[in-house]
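Overview (structure and organization)
Listed here are the chains, written in short residue letters.
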Amino acid sequence: MSGDPDWPERVFTALKAGGVSQIAYVPDAGHARLIALAREDSAIRDIVLTTEEEGVALAAGAWLGGARACLLLQSSGVGNCINMLTLLQNGRFPLLMLVTMRGEESEFNPWQVPMSRATAPALGLMDVAVTRAETADEVAGLVAASLDKAFAEERAAAVLFSQRLIGAKRW
Amino acid sequence: MLDRREAVRELLRNRGDLLVVCGLGSPTWDVAAAGDDARNFYLWGAMGGAAMIGLGLALARPERRVLVVTGDGEMLMGMGALATIAVQKPANLAIVVLDNGAFGETGMQESHTARTTDLAAVARGCGIPLSLDVDDAAGLARLGALLHGSNETLFARIRVLATEHPRVMPEKDGVAIKQRFKRAIGL
């Protein structure tokens with residue numbers, strides 16, 4: 001990991017500034033700090049999911065009621081979302097997805113690799129606008145820009161957090 | 001066993017300010033048959049997502065009551081949502097499953113609920129204690145009252161006959177359904 005070690009705090013600040021009130025997640029070690037911040041903040045509803053596609057549907061419901069939702073997931077979870085993403089296309093619903101990438105640098109688990117390699121193309125096929133954060137210094141700005149894009153255009157946008165950014169998982 | 005059209009019409013009679021999300025297929029036709037309303041969000045796809053759309057809406061609008069009407073097949077596909085909803089415990093959310101024990105839109109193939117799965121018990125096991133099993137008019141009347149008066153998350157499985165009714169198709173354009181819904185609740 002390089003650069004600003006407090007990037008999760010800055011990402012959380014960007015989500016709050018962007019009016020996000022529902023943060024849904026299937027946990028990932030790379031999102032641990034962000035999840036803890038969401039749980040500590042009484043103005044944010046933190047929603048633990050059993051599978052990532054629940055978060056896609058949740059975001060559509062939130063927007064029907066005028067609220068903004070964000071989904072935290074790891075790259076393997078993107079595969080679970082595919083058909084539910086059609087809900088966002090058909091109804092033009094906004095969603096911000098923050099995806100921690102496994103299966104890139106120093107990945108100890110080869111089973112993470114196939115979905116990692118498919119993550120960006122799969123999101124692209126489902127018309128999700130994808131950007132990628134490589135460094136700690138750029139991540140909060142990219143999150144803020146994707147958030148604006150998602151809610152202004154009423155579409156799904158994803159920021160991929162590279163494994164270099166979040167650090168390889170150590171055991 | 002109840003007739004699905006009559007049961008839905010009864011639940012939506014005097015609906016007050018109820019917001020309704022309906023699962024794809026027969027529940028959408030049933031809700032449309034009870035009378036089109038701008039406060040209905042009809043699904044034509046997104047199988048497995050109805051209950052979670054209801055949760056997002058219920059959390060966003062805590063002052064409004066939200067009813068999800070779906071079928072056993074749709075609920076089975078997104079069964080984990082019951083665990084997720086139980087953690088959140090929104091007092092203004094009700095999930096009603098019209099359980100005909102079959103995948104009605106694809107040729108009435110038997111579903112899990114006709115064989116082994118009890119969705120009311122699943123909901124209870126996930127942590128939704130107010131979980132009703134409705135199969136007669138008295139049960140439906142109790143459910144109708146709870147839709148407007150419950151102060152905890154409500155789940156109900158209504159046993160319905162596996163009969164096919166003529167399709168009553170509402171608006172199909174997802175953006176139009178969304179915009180109409182949002183305008184109706186002042187957004």
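Check the entry above for the structure.
Residues numbered from 1 in each chain as written. Chains lettered and ligands numbered in written order. Predicted model: local features only at pLDDT ≥ 70, side-chain atom pairs only at ≥ 80, totals over all residues.

For chain B, the helix and strand inventory stands at eight helices and eight strands. Taking 16 Å as the expected radius of gyration for a compact globule of 187 residues, we find that chain B reaches 15 Å, a close match to that expectation. Along the first, second and third principal axes, the C-alpha set of chain B runs to 45 × 35 × 30 Å. Split into buried and exposed, the 187 residues of chain B put 47% on the buried side. Contacts spanning at least 24 positions in sequence make up 74% of the contacts within chain B whose residues lie at least 6 apart. (Helix = DSSP H or I, 4+ residues; strand = E, 2+ residues; numbered from the N terminus. Rg over C-alpha atoms; globule rule 2.2 N^0.38 Å. Buried ≥ 20, exposed ≤ 12 C-beta atoms within 10 Å, placed from the backbone. Contact = placed C-beta atoms within 7 Å.)

With that out of the way, let us pick up the interface of chain B and chain A. Facing the 26 residues of chain B at the interface are 26 residues of chain A. Elements with a contribution of two residues or more to the side of chain B that touches chain A: α3 (50–60), α5 (80–88) and α8 (174–184) of chain B. Per-element accounting of the side of chain B that touches chain A gives the leading share, eight residues, to α3 of chain B.

Bringing α3 of chain B into the picture now. Burial runs high along α3 of chain B: 11 of the 11 residues are buried. Three or more residues of α3 of chain B are buried, namely A50, A51, M52, I53, G54, L55, G56, L57, A58, L59 and A60 of chain B.

The next point concerns the environment of V48 of chain A. Residue placement: V48 of chain A occurs in strand β2 (residues 45–48). Between the alpha carbons of V48 of chain A and T135 of chain A there is a distance of 27 Å; along the sequence they are 87 residues apart. Residues within four places of V48 of chain A in sequence aside, it is in contact with Y25 of chain A together with T84 and V87 of chain B.

This paragraph deals with the packing of helix α1 (residues 7–17) of chain A against helix α2 (residues 32–40) of chain A. Residue and element names in this part refer to chain A. The geometry of α1 relative to α2 is characterised by a closest axis approach of 9 Å and an angle of 50° between their N-to-C directions. One element, α1, and the other, α2, form an angle in the oblique class. Here α1 and α2 pass one another in a crossing that is right-handed. Of the residues in α2, those touching α1 at P8, E9, V11 and F12 are R33, L34 and L37. Here the residues of the contact of α1 with α2 are counted per class, giving five nonpolar, no polar and two charged. (Axes fitted to C-alpha atoms, helices over the stretch in contact; angles between N-to-C directions. Parallel < 35°, antiparallel > 145°, perpendicular 65-115°, else oblique. Left-handed = near helix turned anticlockwise from the far one by under 90°. Nonpolar A, V, L, I, M, F, W, Y, C, P; charged D, E, K, R; others polar.)

So yeah, pure geometry; function would need other evidence.
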